[in-house]
Structure formats: structure tokens, C-alpha cells
Amino acid sequence: MQAIRLARPRISLRRLATTAQVPTSGPSSVTASVIPLSNVEAQWENMSKSEQAVVHRQLEELQKKDWKTLSMDEKKAAYYVAFGPHGPRAPVSPPGQGLKVFLSTMGLVGVAGLVSMAIRSQAPPPPKTITREWEEAANERALEAKMNPISGISSEGYSGKGFVVSK
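Residues numbered from 1 in each chain as written. Predicted model: local features only at pLDDT ≥ 70, side-chain atom pairs only at ≥ 80, totals over all residues. Heavy atoms only, no water.

Student: Help me understand the overall build of the protein in this model?
Tutor: Across its full length, the protein carries eight helices and zero strands. For the protein, the α and β elements follow one another from N to C terminus as α-α-α-α-α-α-α-α. Here the protein, with 167 residues, has 15% of them falling under the buried criterion. In the protein, the proportion of contacts linking residues at least 24 apart, taken out of those at least 6 apart, comes to 46%. (Helix = DSSP H or I, 4+ residues; strand = E, 2+ residues; numbered from the N terminus. Buried < 20%, exposed > 50% of the residue type's maximum accessible area, 1.4 Å probe, protein only. Contact = heavy atoms within 4.5 Å.)

Here it is as C-alpha cells:
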């Protein structure tokens, strides 16, 4: 195992970091903006990926300066590019979708209720052993048979309902 570990080539993190860098074409392309920064929010979706990358690099360079010297439009553009509703932060559903989902859910719950009522209407009547009179008769029979004399219905001082469970 030690021999395998020693034979494996080692790649330094520094060499990986230098090979992963994207070359830029000098400071002239960074200062040349595709669109004015005051209009980034309106134009961002219509820009190509390369134009978006140029604006992003331009904003990165601007953010390296003192933030007190940046204009309000530059700050707004930097915030929009970093945290705006695009890419992974784009809304999943359009506005007004919540009401449609709520109404659809309520409709499905209503249909489920109707189906349940239809099934129950086709069911046979409950058996005669679920009536209160039958359960009280079962209590009397349990007392006559002295059923469960230690802790049940036939025990001394029993105060429970016994077999009566219906209302």
C-alpha cells in the first residue's frame, strides 16, 4: 500500500490553480463596457454569455477599488449581477402561480371528498352488534359470567364503560 502511495504522481495545488485561470486580454477589454452599468438590470437577460462575462469582469475590477468612490449605479449593477433573479436565482414559477396551485389543490381535495362520499353511500349498513343496546347487553353478560374479576368489568369498584364504545 505504501508503494502505491509513493508511486502516485503528486500534483501541487498551486500548479492546479495556475492552470485553471482564464486568460484575459488586457485592461482595455475590461474598461470597455458592453452596456452602460446604469442599465444592467434591463439588458442582462438579452446579453450573450460572453457579454455577461465581460460585464462581470468589469464589475469585479470596479469592486477592487474603494467602495466610497463607486457611483450608485455601479453599486446597483454589482449587486444585481451577484444576487439578481437570474441563473440559479431565477424564479421557478411565474407570478400568480400560487393561486393556481392552491385552487388546484382545493379542487383535488373536493374531488377526493366526493369520491369518498360516493363509496360510503354504496357501503352496506353497519352490523347490528355496533348498537348501544347490544354493547350494554354484552356488559350484562360479562357481569353474569364474572369476566375478568381482577381488574376488569367484574372487579370490585369498577367504574369504566365496559364494552360500550358507541355514542
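After presenting the structure, the write-up continues.
Student: Would you explain the nonpolar core in this entry?
Tutor: Generally speaking, soluble globular proteins have nonpolar side chains that are buried together. If you look at the biggest cluster of nonpolar residues, it comprises 12 residues: L37, V40, W44, M47, V55, L59, L62, L70, A77, A78, Y80 and V81. Those elements that provide at least two residues to this core are α5 (49–63) and α6 (72–83). Broken down by element, this core gets its largest block of residues, four residues, from α6. Look past the residues within four positions of L59 in its chain and what remains in contact with it is L37, E74, A77, A78 and V81. (Core = buried A, V, L, I, M, F, W, Y, C linked by side-chain atoms within 4.5 Å.)

Student: Explain helix α8 (residues 132–144) here, please?
Tutor: Within an α-helix, residues lying three or four positions from one another point in the same direction, as the helix has 3.6 residues per turn. Counted at 1.5 Å a residue, the expected span for α8 with its 13 residues is 18 Å, and the 19 Å between its end C-alpha atoms agrees. Those residues of α8 that fall on the buried side of the exposure criterion are E135, N139 and A142. Down the axis of α8, the buried side of the element spans an arc of 65°, and every buried residue falls inside it. For α8, the exposed residues set more than 90 degrees away from the buried face come down to E133, E140, R141 and E144. Among the residues trailing α8, K146 stands out with phi positive, at a value near 50°. (Expected span 1.5 Å × (residues − 1). Arc of directions from axis to C-beta.)

Student: Where do I start with the packing of α5 against α6 in this structure?
Tutor: A packed helix pair is summarised by two numbers, namely the angle formed by the two axes and the spacing between the axes. With their axes 10 Å apart at the nearest point, α5 and α6 run at an angle of 125° to one another. By the angle between their directions, the pair α5 and α6 is classed as oblique. The way α5 lies across α6 gives a crossing that is left-handed. Two secondary-structure elements touch here, α5 through H56, L59, L62 and Q63 and α6 through E74, A77, A78 and V81. Residue composition of the contact of α5 with α6, by class: five nonpolar, two polar and one charged. (Axes fitted to C-alpha atoms, helices over the stretch in contact; angles between N-to-C directions. Parallel < 35°, antiparallel > 145°, perpendicular 65-115°, else oblique. Left-handed = near helix turned anticlockwise from the far one by under 90°. Nonpolar A, V, L, I, M, F, W, Y, C, P; charged D, E, K, R; others polar.)

Student: Explain α5 to me, please; I cannot follow it from the model alone.
Tutor: End to end, α5 covers 21 Å across 15 residues, agreeing with the expected 21 Å (1.5 Å per residue, within 8%). Where α5 is concerned, the buried positions are Q52, V55, Q58, L59 and L62. Down the axis of α5, the sector holding all buried residues measures 125°, keeping them to one side. Opposite its buried face, α5 presents the exposed residues K49 and S50, each directed more than 90 degrees away.

Student: What is the right way to read the packing of aromatic side chains from this model?
Tutor: For the coordinates displayed, the defined rule picks out one aromatic pair. Residues Y79 and F83 carry aromatic rings whose centres are separated by 5.2 Å and whose planes lie at 45° to one another, so their mutual orientation is tilted. Here the residue Y79 and the residue F83 both occupy positions in helix α6, the gap between them amounting to four residues, near one helical turn. (Phe/Tyr/Trp six-rings, centres within 6.5 Å; stacked < 30°, edge-to-face > 60°.)

Student: Help me understand the confidence of the model for the protein in this model?
Tutor: Parts of the model with low pLDDT should not have their predicted coordinates read in detail. For the protein, per-residue confidence averages 79 on the pLDDT scale, and residues scoring 70 or more make up 79% of the total. Predicted confidence in the protein is weakest over helix α2 (residues 13–19), with a mean pLDDT of 38, and strongest over helix α7 (residues 97–121), with 96. The model gives residues 11–31 a pLDDT under 50, and that stretch makes eight contacts with residues more than four places away or in other chains. (pLDDT = per-residue confidence, 0-100.)

Student: When you look at the pattern of salt bridges in this model, what are you seeing that I'm missing?
Tutor: A pair can form between side chains of opposite charge whenever their charged atoms are brought close. According to the stated counting rule, one finds two salt bridges in the structure shown. In this structure, E61 engages K64 in a salt bridge whose closest nitrogen and oxygen atoms are separated by 3.3 Å. Using a relative accessible area of 64% as the deciding quantity, one classes K64 as exposed. R132 serves as the salt-bridge partner of E136, at 3.4 Å between the closest nitrogen and oxygen. Separated by four residues within a single helix, E136 and R132 lie in helix α8, roughly one turn from each other. (Salt bridge = Lys/Arg side-chain N within 4 Å of Asp/Glu carboxyl O.)

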